[in-house]
Amino acid sequence: MTDTTRSSHVFDIDQQTFETEVLQASMDTPILVDFWAAWCEPCKSLGPILEKLAAEFNGAFRLGKVDVDAQQELAGMFGIKSIPTVMLVSQGQVVDGFAGALPEGQLREFLSRHVQPLEGEPADADADDAAAETPGAAINRIQQAIAAEPAKAELKLDLALALMRAGQADAASAELDALPANLATDARAQRLRSELELAHAAKAAPEVATLQQRIEANPQDWEARDLLGLRLLQDGDVEGGLEQFLTILQKARDWNDGQAKKRLLAAFATVDDADLVSRCRRRMASMLF
C-alpha cells in the first residue's frame, strides 16, 4: 500500500515515538511491529499483506512499521538479525513474533492466537433500535434467535452481553464460559470478562464511607483503596475509582502481586470515556516505564 491508501491502523515508528506509540499504546491495543527495509524483497511481499490485515481487523491491532536502515538503534534494541521480522507487543511486552515472509493463511493463524477482528460502527438506525430496546426484550429476542439457529455461536455472546446489561452477572458469566475458543478472545467477550471480574470483586467491598474512614486513618491501607476503587467504579464514579488504583500503583506498585495494574487494565476495557482512559493510561505508563 502507498501512503495515500494506507489504513489509519498503520503507522511509522521511530526512536522518538516508540515509547508512546508502541509501549504505552500496547497497554490498550496490541501493536504488531514490522521491521523492514526498502531493499528487502521478502518485505515487499509481506508488508502489503500485513497492511491489508490491519485494515481488515479494524483496530483489533495496529501495525507499526520500522525501517531498519533509518532506525538502526531501534532495530538493535530488539536484536533484529534478519528482515522481515515481525513482533507482537501487548501490555508493554513482546508476546509473540516470527521472521520471514509468511503467506496470508499463516499470518491469519498467527493473529488469531491473539486478536479477533473488530466489527465496524453500527448504522445509526441500528444503534437507535438497540438503545430503545429494554434488556429484558433483548434477552428474549436473542433467546428466540438461538432457538432458531442453535449452531450460530455468536448469538450466545450476544446473550451473555444482554444478560450483563440486565444485571444478571452470574448468568452472563455462565454463557461467557461456555463460548467456543474463537469467540472467547473476541473484543466484546474480553470486555465482558473485565466487567464481570470487577463486579465480582466489588461484591466484597464495604460502603464508600467505611472505606474512606479506613483510608483517613491509614493512607497506606492499600486494601481499602483497592476496594474503594471497585466500589466507586460500580457506583458510576469512574474517575474516582481509577484514581484509587493509580495511587496504589504509584506508591505500592507490587502490592498484592501488582493488583493495581490488573485493576486498571480491566477497568480501561470497560470505560467508554476515551479521553479519561487515555489520560489515565498515560499516567500508568509513566509509572511503569
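Our subject is the structure that appears above.
Residues numbered from 1 in each chain as written. Predicted model: local features only at pLDDT ≥ 70, side-chain atom pairs only at ≥ 80, totals over all residues. Heavy atoms only, no water.

Visitor: I'd like a rundown of the environment of S286, residues and numbers included.
Guide: Checked against the element boundaries, S286 lands in helix 15 (residues 274–288). Taking C-alpha positions, S286 is 12 Å from K261, a pair spaced 25 residues apart along the chain. (Helix = DSSP H or I, 4+ residues; strand = E, 2+ residues; numbered from the N terminus.)

Visitor: Describe the nonpolar core, naming the residues involved and giving the relevant values.
Guide: One finds L230, L242, L264, F268 and M284 to be the most contacted residues of the largest nonpolar core, which totals 32 residues. Sorting the residues of this core by element identifies helix 10 (187–202), helix 11 (208–217), helix 12 (222–234), helix 13 (238–252), helix 14 (259–268) and helix 15 as the ones contributing at least two each. In terms of residues, this core owes the most to one element, helix 12, which gives seven residues. With residues near it in sequence (within four places) discarded, L242 still touches L264, A267, F268, L276 and C280. Grouped together as the second largest cluster of nonpolar side chains are 21 residues, I146, L157, A162 and L179 included. (Core = buried A, V, L, I, M, F, W, Y, C linked by side-chain atoms within 4.5 Å. Buried < 20%, exposed > 50% of the residue type's maximum accessible area, 1.4 Å probe, protein only. Contact = heavy atoms within 4.5 Å.)

Visitor: So what's going on with the environment of P135? Residues and values would help.
Guide: Tracing the chain through its elements places P135 in helix 6 (residues 135–148). Sequence-wise, P135 and G167 are 32 residues apart; in three dimensions their C-alpha atoms are separated by 8.9 Å. In this structure, P135 is in contact with R165 and A166, ignoring residues within four places of it in sequence.

Visitor: Describe helix 12, with residues and values.
Guide: Compared with an ideal rise of 1.5 Å per residue, which puts 13 residues at 18 Å, helix 12 spans 18 Å between its outermost C-alpha atoms and is within 8% of the ideal. The element helix 12 is largely enclosed, with a buried count of 11 among its 13 residues. Taken as a whole, helix 12 has its buried residues at W222, A224, R225, D226, L227, L228, G229, L230, R231, L232 and L233. Looking at the packing, one finds that the buried side of helix 12 touches helix 10, helix 11, helix 13 and helix 14. Directly after helix 12, the chain includes G236, whose backbone phi takes a positive value near 100°. (Expected span 1.5 Å × (residues − 1).)

Visitor: If you had to explain the pattern of salt bridges to someone new, which residues and values would you point to?
Guide: Enumeration according to the criterion identifies 18 salt bridges in this entry. A single network of salt bridges, built from pairs that share partners, joins K52, E56, E104 and R108. (Salt bridge = Lys/Arg side-chain N within 4 Å of Asp/Glu carboxyl O.)

Visitor: Requested: an account of the packing of helix 2 (residues 41–56) against helix 4 (residues 104–112), with residues and values cited.
Guide: Contact pair helix 2 / helix 4: the axes reach a minimum separation of 11 Å and the direction vectors enclose 45°. As judged from the angle between their axes, helix 2 and helix 4 are oblique. Crossing handedness for the pair helix 2 and helix 4: right-handed. Facing L46, I49, L50, K52, L53 and E56 of helix 2, the residues of helix 4 in contact are E104, L107, R108 and L111. (Axes fitted to C-alpha atoms, helices over the stretch in contact; angles between N-to-C directions. Parallel < 35°, antiparallel > 145°, perpendicular 65-115°, else oblique. Left-handed = near helix turned anticlockwise from the far one by under 90°.)

Visitor: Please give an account of the packing of helix 7 (residues 154–165) against helix 8 (residues 169–177) that cites residues and values.
Guide: For any two helices packed against each other, one specifies the crossing angle of their axes together with the interaxial distance. Between helix 7 and helix 8, the least distance of the axes is 8 Å, while the angle of their chain directions is 165°. Classified by the angle their axes make, helix 7 and helix 8 are roughly antiparallel. Of the two elements, helix 7 crosses helix 8, and the hand of that crossing is left-handed. Residue-level inspection shows K156, L159, A160, L163 and M164 of helix 7 in contact with helix 8, the latter providing A169, A171, A172, E175 and L176.

Visitor: I'd like to hear about the pairing of strand 4 (residues 85–90), residue by residue, with values.
Guide: On a regular strand, one side chain projects to one face of the sheet and the next to the other, so that they alternate. Judged by how many residues are buried, strand 4 sits mostly within the fold: six of six residues are covered. Going residue by residue along strand 4, you find T85, M87 and V89 tucked away on one face and V86, L88 and S90 tucked away on the opposite face as well. Inspection of the sheet shows strand 2 (residues 31–36) paired to strand 4 by five bridges, in the antiparallel sense. Across the sheet, I31 pairs through a bridge with V89, a residue of strand 4. As defined by bridge partners, strand 4 adjoins strand 5 (residues 93–99) across six bridges and the pair is classed as antiparallel. Bridged to V89 within strand 5 is V94. Counting the residues between successive antiparallel strands, the hairpin from strand 4 to strand 5 contains two residues, one of them, Q91, with a positive phi of roughly 55°. (Pairing = 2+ DSSP bridges.)

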